[in-house]
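# Structural overview for review
Each chain, written out:
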Amino acid sequence: MAVKTNILDVRARQVLDSRGNPTVEAEVESGRAMGRASVPSGASKGRHEALELRDGGERFHGMGVAKAVGNVRGALRRGVVGLRVDDQRRLDHKMISLDGTPDKSKLGANAILAVSMASAKAAANSNGVSLFVQLRKSGRYILPVPMMNVINGGEHAGNDLAVQEFLIEPVGASSCAEAIRMGSEVYHSLKAILVSEHGRGAINVGDEGGFAPPFRLTREALGSIRKAVSASGYSEKEVKLGIDAAASTFYDEKSGRYTLDGHAMSGEALEDHYARLRDEFGLLTIEDPFHEEAFDDFASITKRLGRSTKVIGDDIYVTNVARIKLGIEKKATNAVLIKLNQIGTVSETEDAIGLARAAGWTPVVSHRSGETEDPFIAHLATAFGADFIKTGAPARGERVAKYNELLRIEEELRSKAGYAGRELG
Ligand code: PGA
Ligand code: ZN
C-alpha cells in the first residue's frame, strides 16, 4: 500500500561531477524517508537543451552552481514543501510554473531536475520500494541492452577521432547481467589489442571510460573493436557495433560541410560515407549523423538505412516533446536519445519516452559525459521500458554505478524481468 506523505524539507549542495566540475545535489525529505539525487552535465550539448545555470566569475573557473543551489534552497523549496512526495507530475509542473521560462533558465534546469529526481527517490524510499517500481508500478519490466562506449573521440577525448563514441551492444545476451559480462570481456580484449598494436599510450581513457587511442579514422576504431569482439569469442550477431557521430561538433555552418575522416563533406556525401560504414561493420545504431537542425538529412538516412539500423536523434531532439513531434512528422529518425537534464524534469522525460514509443520508435536512455555516482537512469530505463541504455564503458565509477544498479534490479526481478536484446539484433 502506497502511503500518502508530503514533502517536509528540501536541501541542496554543490558536489563535483566526473570531470571535476560542480553540479547540484538535492535532498527531499518526506518525513518517512529521504531521497538524494545529483544531476549530470554534457560536453557536446544540443543548442536547444534546457539551461544549466552556472555562476560565471572566478570560482571553479565560472562553473560553480551556487546560484542553482540557492534556487533549490529558496524558491523551489518554498514552492514544493507540503506537496505530496509521490505526485511527481504535480511537483514537476509546480516547478515548471515557478520557473516560467521555456528553457528553465530562471531557476536553472540543474536546480529543478535535482529536486525532481530526489523527490522520486524520496517517494520510493517512503513506500519502501525500488525506484523503478515507484516510477512504474505495474506491467512486465524489460531490461535494456547496454550500449557501451569503448572508444572515445570528439569532445570527450584528446585524440583526432571526429566521431565521439564507438559503442558495443551485446544484443545476443540472454540477460542484462550477461550483456554486462560480455561488454566487460570485449572491453578488456580491446585493451590488449590496442596495447599490442599501438603501445600503452593507446589505452588512456576519455570522459566516458572508453579508450582514446591516437586514431584519426572512424574505420580504424571500428576495425579494432570488431577484432576485440571476435577475440572475446563472440560473433558479430551477438555483439553489434554502433556510433554516436555527434555531428554538430564537426559541422561548419559557414561552408555547410562536415569534416570527417580527412574529408570535408556535404550532407549527401556524409550519408554515403555512413552507408559504407554500416555495410562494412553492420552498425546497429547511428546517433546524430548530421547537425542538430538537419531534419531532412536525418529523414534521408533513416529512409535508406532505417530497416536494419536505428538512427538515433540526440542533439536534434534534446528530449523535448515538441522537437520529437517534429521529428515524427518528418520521419527524421526511428530512435531517440533520452537525457533527463536536456529537459529538466522526470515527468517531461517520461512524456518524451511515451511519445517515442507511441510512434514505434526506439527509446535509448542515456547518461551525460559529465556524470555522478547517481544510478537514477538504470531505474528510469527499466521503469519506462527503454530498449537501450547508454552509460559509457564498463569502467570508471560513475559509469559502472549504472551497470551495477542494473545487476541489482535484474536480481530483484529475477524471472519477472525480460531482456530487450533479442528483438533488437
Ligand atoms: P554529452 O555526450 O553528454 O557530452 O552531450 C553524450 C552524447 O552526445 O550522447
Ligand atoms: Zn549523442
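Computed from a predicted structure; not experimentally measured.

A separate point is the coordination of the zinc ion (ligand 2). Protein ligation of the zinc ion (ligand 2) involves Asp244 (OD), Glu287 (OE) and Asp314 (OD), the donor distances falling in the range 2.1 to 2.2 Å. Here the donor residues for the zinc ion (ligand 2) map to a single chain with the spacing D-x42-E-x26-D. Placement of the pair is aspartate 244 in strand S7 (residues 240-244) and aspartate 314 in the loop between strand S12 (310-313) and helix H9 (321-329), with a sequence separation of 70 residues. With relative accessibility at 3%, the residue aspartate 314 sits in the buried group.

To continue, consider unusual backbone geometry. Although it is not a glycine, alanine 246 adopts a positive phi angle of roughly 45°. By the element assignment, alanine 246 lies in the loop between S7 and strand S8 (251-252). Taking relative accessible area as the criterion, alanine 246 reaches 1% and is therefore assigned buried. Its identity as a non-glycine residue notwithstanding, valine 318 has a phi of 45°, on the positive side. Mapped onto the elements, valine 318 comes out in the loop between S12 and H9. Of the residues examined, valine 318 reaches a relative accessible area of 0% and is grouped as buried.

With that settled, the discussion passes to the site of ligand 1. Neighbouring ligand 1 are 15 residues, the closest being Ala43, His156, Arg368, Ser369 and Lys390. Note that an oxygen atom of ligand 1 is positioned 3.2 Å from one of the side-chain N or O atoms of glutamate 287. Alone, ligand 1 offers 280 Å² of accessible surface; in the complex the protein occludes 100% of this. Here the shell around ligand 1 is composed, by residue class, of two nonpolar, five polar and eight charged.

Direction vectors running N to C along helix H7 (residues 267-281) and helix H8 (residues 295-305) enclose 30°, while the axes themselves pass 11 Å from each other. If you check the angle between H7 and H8, you find them roughly parallel. For the crossing formed where H7 meets H8, the hand is right-handed. Every residue of H8 that contacts H7 at Gly267, Glu271, Asp272, Tyr274, Ala275 and Arg278 is listed here: Asp297, Ser300, Ile301, Arg304 and Leu305.

Another point: the packing of helix H1 (residues 66-80) against helix H3 (residues 109-127). Where H1 meets H3, the closest approach of the two axes is 9 Å, and the angle between their N-to-C directions is 55°. Between H1 and H3, the angle falls in the class oblique. Between H1 and H3 lies a crossing of right-handed hand. Residues Ala68, Asn71, Val72, Leu76 and Val80 of H1 pack against Asn110, Ala111, Ile112 and Val115 of H3. Split into classes, the residues belonging to the contact of H1 with H3 amount to seven nonpolar, two polar and no charged.

The next point concerns the sheet that holds S12. Here eight strands make up a closed barrel; going around it, the order is S5-S6-S7-S11-S12-S13-S14-S15 and the pairing mixed. Ignoring which end each strand starts from, the neighbouring axes of this sheet average 25° apart. Sheet analysis places strand S13 (residues 335-338) next to strand S14 (residues 362-366), joined by four bridges and oriented parallel. Bridged to valine 336 within S14 is proline 363. Each of strand S5 (145-152) and strand S6 (165-169) touches helix H5 (residues 176-198); the most contacted strand, S5, lies at about 15° to it.

Before going further, it helps to examine the packing of aromatic side chains. By the definition in use, this model includes nine aromatic pairs. Between tyrosine 258 and phenylalanine 290 the ring centres are 6.1 Å apart and the planes differ by 65°, which places this aromatic pair in the edge-to-face class. Taken as a pair, tyrosine 258 in strand S9 (residues 257-260) and phenylalanine 290 in the loop between strand S11 (285-287) and H8 lie far apart in primary sequence, 32 residues in all. Look at tyrosine 258 and you get buried, because its relative accessible area is 1%.

Criteria and thresholds
- Residue indices follow the written sequence of each chain, beginning from 1 at its first position.
- As a convention, the first chain written is A and the first ligand written is 1, with the rest following in written order.
- Side-chain atom pairs in this predicted model are given and counted only at pLDDT of 80 or more, local residue features only at pLDDT of at least 70, and totals for whole chains, interfaces and linings cover all residues.
- Derived side-chain values reflect all non-hydrogen atoms in the structure, with water molecules and hydrogen atoms excluded from consideration.
- Water is absent from the atoms considered, so a metal site may look incomplete; donors are defined as N, O and S atoms within 2.8 Å of the metal, or 3.2 Å for Na, K and Ca.
- Strands here mean DSSP runs of E at least two residues long; helices mean DSSP runs of H or I at least four residues long; both are numbered from the N terminus.
- When a residue's accessible area, from a 1.4 Å probe over protein chains only, is under 20% of the maximum for its type it is buried; when over 50% it is exposed; and in between it is partly exposed.
- Nearness is defined per residue: one heavy atom within 4 Å of the molecule or strand is enough.
- Any pair of N or O atoms that falls within 3.5 Å is considered a polar contact. Within protein, one atom must be able to donate a hydrogen and the other to accept it, and sequence-neighbouring residues count only if both atoms are side-chain atoms.
- We get accessible surface area from the Shrake-Rupley algorithm with a probe of 1.4 Å; when it comes to residues, only the shown protein chains can shield them.
- When residues are sorted by character, Ala, Val, Leu, Ile, Met, Phe, Trp, Tyr, Cys and Pro go into the nonpolar class, Asp, Glu, Lys and Arg into the charged class, and all the rest, Gly among them, into the polar class.
- For helices, the fitted line uses only the C-alpha atoms of the stretch in contact; every axis is such a line through C-alpha atoms, and the angle between N-to-C directions lies from 0 to 180 degrees.
- Note on terminology: angles under 35 degrees are roughly parallel, angles over 145 are roughly antiparallel, angles of 65 to 115 are roughly perpendicular, and the others are oblique.
- Note on convention: near helix rotated counterclockwise from far helix by under a right angle means a left-handed crossing. Clockwise means right-handed.
- By definition, residues are in contact when any of their heavy atoms lie within 4.5 Å.
- The criterion for strand pairing is that DSSP finds at least two bridges linking the strands in question.
- Within 6.5 Å between ring centres, the rings of Phe, Tyr and Trp (the latter by its six-membered ring) count as paired, and their orientation is classed by plane angle as stacked under 30 degrees, edge-to-face over 60, tilted in between.

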